[in-house]
Amino acid sequence: GAGVSQSPSNKVTEKGKDVELRCDPISGHTALYWYRQSLGQGLEFLIYFQGNSAPDKSGLPSDRFSAERTGGSVSTLTIQRTQQEDSAVYLCASSLGTGTYNEQFFGPGTRLTVL
Amino acid sequence: SQKIEQNSEALNIQEGKTATLTCNYTNYSPAYLQWYRQDPGRGPVFLLLIRENEKEKRKERLKVTFDTTLKQSLFHITASQPADSATYLCALPPGNTGKLIFGQGTTLQVKP
């Protein structure tokens, strides 16, 4: 079956521009997570969704970052007025639910480069 | 403060040997701990989950232990192969939401 997909796979933008990153979770997965991974670092939690609501946005680095999820499926992470420190790989994951013991299935990530 | 620590130095071992990776955590009381594998340019892939009331879990050549007193998990790969070369991440839930906090990962290199 289809796994988690993300688009674009690579995005190069200029400082100050807005970018949108897209995540298509596995069908039937109600929970969706966004992480950020800088070079050589672990994953940094950004936000998660249960259905269309986002109970935990605590990881969003600033108010330039926002995310939404529609129809309990596709999610978009938007970064406004990008800065060079936003350069990283943005990973999306989905799981059957947010209950305990649920493994997360990750997409391939979007590599964002801010010039 | 809350921390998850994995050895940031790469682990180099010879094919056929057992690789042991460590995950230590501070100021968490996780109900479980997960291990993921990440290859360059790809997203992490789930390997194993171990619950707080389990001391040990096995899956083929993989073994994970979980010591809630020491606040440590060990991840073992027996009879290692060059194909096991990757970065291994431990992750734990800070609460009951399914959100995971990841360690920075340890890179394993298995030489033929």
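Located above this text is the structure these notes cover.
The structure contained in this document is the topic of the report that follows. (Residues numbered from 1 in each chain as written. Chains lettered and ligands numbered in written order. Predicted model: local features only at pLDDT ≥ 70, side-chain atom pairs only at ≥ 80, totals over all residues. Heavy atoms only, no water.)

1. Things to note about the overall build of chain A
No. 1: When helices and strands are tallied, chain A shows zero helices and eleven strands.
No. 2: Start at the N end of chain A and walk to the C end: the helices and strands fall as β-β-β-β-β-β-β-β-β-β-β.
No. 3: Considering only C-alpha atoms, chain A reaches an extent of 40 × 25 × 25 Å along its principal axes.
No. 4: Here chain A holds 115 residues, and the buried ones make up 48% of them.
No. 5: Accessible surface computed for chain A: about 5,400 Å², of which carbon and sulfur atoms make up 46%.
No. 6: For chain A, the distance from the average site of its 10 positive side-chain charges to the average site of its 11 negative ones is 4 Å. (Helix = DSSP H or I, 4+ residues; strand = E, 2+ residues; numbered from the N terminus. Buried < 20%, exposed > 50% of the residue type's maximum accessible area, 1.4 Å probe, protein only. Areas by Shrake-Rupley, 256 points an atom, 1.4 Å probe, with all protein chains shown as cover. Lys, Arg positive; Asp, Glu negative; His and termini not counted. Charge placed at Lys NZ, Arg CZ, Asp CG, Glu CD.)

2. Structural notes on the interface of chain A and chain B
No. 1: Taken residue by residue, the interface counts 21 residues in chain A and 21 residues in chain B.
No. 2: Between chain A and chain B, roughly 1,700 Å² of surface is buried when both sides are summed, and carbon and sulfur atoms account for 56% of that area.
No. 3: When the buried surface of chain A facing chain B is broken down by residue, Leu43, Tyr101 and Phe106 of chain A rank first, second and third, together holding 32% of it.
No. 4: For the pair chain A and chain B, the number of links is one salt bridge.
No. 5: The salt bridge involving Asp56 of chain A is made with Lys99 of chain B; its shortest N-O contact spans 3.0 Å.
No. 6: Between chain A and chain B we count five residue pairs in polar contact (both at pLDDT 80 or more) in total.
No. 7: Sorting the residues of the side of chain A that touches chain B by element identifies β4 (31-37) and β5 (43-50) of chain A as the ones contributing at least two each.
No. 8: The residue inventory of the side of chain A that touches chain B, partitioned by class, reads nine nonpolar, ten polar and two charged. (Contact = heavy atoms within 4.5 Å. Buried area = accessible area lost by both parts, 1.4 Å probe. Salt bridge = Lys/Arg side-chain N within 4 Å of Asp/Glu carboxyl O. Polar contact = N/O pair within 3.5 Å; in protein donor to acceptor, adjacent residues only side chain to side chain. Nonpolar A, V, L, I, M, F, W, Y, C, P; charged D, E, K, R; others polar.)

3. A few points about the nonpolar core
No. 1: Ranked by internal contacts, the top residues of the largest apolar core, which has 23 residues, are Leu33, Trp35, Phe75 and Tyr88 of chain B.
No. 2: Breaking this core down by element, the ones donating at least two residues are β3 (19-26), β4 (32-38), β5 (45-51), β7 (62-67), β8 (72-77), β9 (86-92) and β11 (106-111) of chain B.
No. 3: Cys23, Leu32, Ala88 and Leu112 of chain A belong to the second-largest nonpolar core, a separate cluster that totals 19 residues. (Core = buried A, V, L, I, M, F, W, Y, C linked by side-chain atoms within 4.5 Å.)

4. Some remarks on the pairing of strand β7 (residues 65-69) of chain A
Residue and element names in this part refer to chain A.
No. 1: In terms of strand pairing, β7 meets strand β8 (residues 75-79) through five bridges, oriented antiparallel. When the sheet's bridge partners are listed, Phe65 is paired in β8 with Ile79.
No. 2: Between β7 and β8, which pair antiparallel in sequence order, lie five residues; one of them, Gly71, sits at a positive phi of approximately 60°. (Pairing = 2+ DSSP bridges.)

5. Here's the deal with the packing of aromatic side chains
The geometry of an aromatic ring pair is captured by the separation of the ring centres together with the interplanar angle, meaning the angle of the planes.
No. 1: Across all of its chains, the model carries twelve aromatic pairs over all chains by this definition.
No. 2: Here the aromatic rings of Phe75 of chain B and Tyr88 of chain B are separated by 5.3 Å at their centres, their planes lie at 35°, and the arrangement is tilted. A residue pair is termed long-range when its members are at least 10 positions apart, and Phe75 of chain B in strand β8 and Tyr88 of chain B in strand β9 qualify at 13 residues.
No. 3: Classification of Tyr88 of chain B as buried rests on a relative accessible area of 3%.
No. 4: Ring-pair connections join several aromatic residues into one group, and the members of that group are Tyr33, Tyr35, Phe45, Tyr48 and Phe106 of chain A together with Tyr36, Phe46 and Phe102 of chain B. (Phe/Tyr/Trp six-rings, centres within 6.5 Å; stacked < 30°, edge-to-face > 60°.)

6. Regarding unusual backbone geometry
No. 1: Cis peptide bonds are those with omega within 30 degrees of zero, and the linkage from Ser7 of chain A to Pro8 of chain A qualifies with -10°.
No. 2: Tracing the backbone through its elements, the reader meets Pro8 of chain A in the loop between β1 (5-7) and β2 (10-13).
No. 3: One non-glycine residue with positive phi stands out, namely Asn27 of chain B, at about 65°.
No. 4: Relative to the assigned elements, Asn27 of chain B resides in the loop between β3 and β4.

7. Focus on the sheet that holds β8 of chain B
All names here are of chain B.
No. 1: Spatial ordering of the open sheet is given by β1-β3-β8-β7-β6, a layout of five strands whose pairing is antiparallel. In this open sheet, the two strands that pair with only one neighbour each are β1 (3-6) and β6 (56-59). Across the sheet, the axes of successive neighbouring strands diverge by a mean angle of 15°, strand direction being ignored.
No. 2: Relative to β7, β6 runs antiparallel, the two sharing four bridges. Pairing of Glu56 across the sheet is with Thr65, part of β7. (Axes fitted to C-alpha atoms, helices over the stretch in contact; angles between N-to-C directions.)

As far as function goes, none of this settles anything; it's purely spatial.
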